[in-house]
Amino acid sequence: MEKNTYEYVIYAEDKPVLKGKNLKKLLQEAKIKYKGKRIAISWNAPEGILIA
Amino acid sequence: MPKKSFDYKDCDSGIFGRVKRPLISIDVKSSNGEWIHLRDVLADTGADISILPRDIGEILVEDITRGRTIELRGIVPYAKLIVFIHDIHFRLNDKEFTAPTAIADSNDVIPILGRTKGLDLFEVIFEKGKKTSFS
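Residues numbered from 1 in each chain as written. Chains lettered and ligands numbered in written order. Predicted model: local features only at pLDDT ≥ 70, side-chain atom pairs only at ≥ 80, totals over all residues.

A. Inspection of the overall build of chain A at higher detail. Secondary structure summary: chain A contains one helix and three strands in total. The order of α-helices and β-strands along chain A, N terminus first, is β-β-α-β. Burial analysis of chain A (52 residues in total) assigns 19% to the buried set. Taking contacts inside chain A between residues at least 6 apart in sequence as the whole, the part at least 24 apart equals 43%. (Helix = DSSP H or I, 4+ residues; strand = E, 2+ residues; numbered from the N terminus. Buried ≥ 20, exposed ≤ 12 C-beta atoms within 10 Å, placed from the backbone. Contact = placed C-beta atoms within 7 Å.)

B. Just the pairing of strand 9 (residues 95–104) of chain B, in detail. Residues and elements named next belong to chain B. The sheet contact formed by strand 6 (residues 50–52) and strand 9 spans three bridges and is parallel. Note that in strand 9 the partner of Ile51 across the bridge is Ala102. Examined bridge by bridge, strand 8 (residues 80–92) and strand 9 share 10 bridges and lie antiparallel to one another. Bridge pairing links His89 to Thr98 in strand 9. Following strand 8, the chain reverses through two residues before pairing antiparallel with strand 9; Asn93 in that reversal takes a positive phi of roughly 55°. (Pairing = 2+ DSSP bridges.)

C. Representation of the sheet that holds strand 12 (residues 131–134) of chain B. Residues and elements named next belong to chain B. With respect to topology, three strands assemble into an open sheet ordered 1-12-11, the strand pairing being antiparallel. Strands at the two margins of the open sheet, each flanked by one partner only, are strand 1 (4–7) and strand 11 (124–127). Averaged over all adjacent pairs, the angle separating strand axes in this sheet is 15°, with direction ignored. One ladder, built from four bridges, connects strand 1 with strand 12; its direction is antiparallel. Each bridged residue has a counterpart across the sheet, and for Phe6 the counterpart in strand 12 is Thr132. (Axes fitted to C-alpha atoms, helices over the stretch in contact; angles between N-to-C directions.)

D. Here's a closer look at the pairing of strand 7 (residues 68–73) of chain B. Residues and elements named next belong to chain B. Counting buried residues along strand 7, only zero of its six residues qualify, which leaves the element largely exposed. When strand 7 meets strand 8, the two strands line up antiparallel, connected through six bridges. What sits directly across from Glu71, in strand 8, is Ile82. Linking strand 7 to strand 8, which pair antiparallel, is a turn of six residues; within it Tyr78 sits at a positive phi near 70°.

E. A look at the nonpolar core. Residue and element names in this part refer to chain B. Ile26, Val41, Ile51, Ile103, Ala104, Ile112 and Leu113 are the most contacted members of the largest nonpolar core, which has 28 residues in total. Looking at this core, the elements with two or more residues in it are strand 4 (23–29), strand 5 (35–43), strand 6, helix 1 (54–60), strand 8, strand 9 and strand 10 (112–113). Per-element tally for this core: the top contributor is strand 8, with five residues. Excluding residues that lie within four positions of it along the chain, Ile103 makes contacts with Leu52, Arg54, Gly57, Val61, Ile64, Gly67, Val83, Phe84 and His86. (Core = buried A, V, L, I, M, F, W, Y, C linked by C-beta atoms within 7 Å.)

F. Structural view of unusual backbone geometry. Residue and element names in this part refer to chain B. For Asp40, which is not a glycine, the phi torsion comes out positive at approximately 60°. Of note, Asp40 is situated in strand 5. Positive phi is not limited to glycine here, since Asn93 has a value of about 55°. Relative to the elements of secondary structure, Asn93 occurs in the loop between strand 8 and strand 9.

G. Region of the structure containing the environment of Ala45(A). Along the chain, Ala45(A) falls in the segment after strand 3 (39–44). The spacing of Ala45(A) and Pro16(A) is 29 residues in sequence and 15 Å in space, taken between C-alpha atoms. Residues contacting Ala45(A), with those up to four places away along its chain left out, are Tyr6(A) and Ile110(B).

H. Fine view of the environment of Ile26(B). All names here are of chain B. Along the polypeptide, Ile26 turns up in strand 4. You can call Ile26 buried: it has 21 C-beta atoms within 10 Å. Through-space distance from the C-alpha of Ile26 to that of Leu119 is 12 Å; in sequence the pair is 93 residues apart. Every residue in contact with Ile26, bar those within four places of it in the chain, is listed here: Leu38, Val41, Phe90, Leu92 and Leu113.

Written out as structure tokens, the structure reads:
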């Protein structure tokens, strides 16, 4: 499997609470730690020019 | 429908310092009915369809490879991306819609809300590099 260059950031409400590259694990952890709060997924992309 | 606005987000360009991008927040629905909130999704009028990286797709769909397999091409010559097409449910500004979405066989792509059955459902205004507004 290719290397994942993105780091995921998990938010509880509007606050970043967890970071890492294993999204499923991060989400499981967030759902337990921040039960009842709105969980959101974001990411830190490597810097660079984006041409989509 | 009330107007919903998202501020452009400052990002590192790596070449000319900071660059502002029209990144938005949107909800996506998994196959088990759970809504998942995604931040920093690129609103891209240059994209024919919406795109999600594999990790996100695997949360939404039981087996991403069951979707129709196609090769996506972009503006970069010779670059191809293998994707699986799925109908994904989205929610933006209280409007729910289903859009054909390319789930990439890669995590090296950013999530994109493209035109087909996505951006085309809204009046979208890119306000002078500061805000993206949906109504």
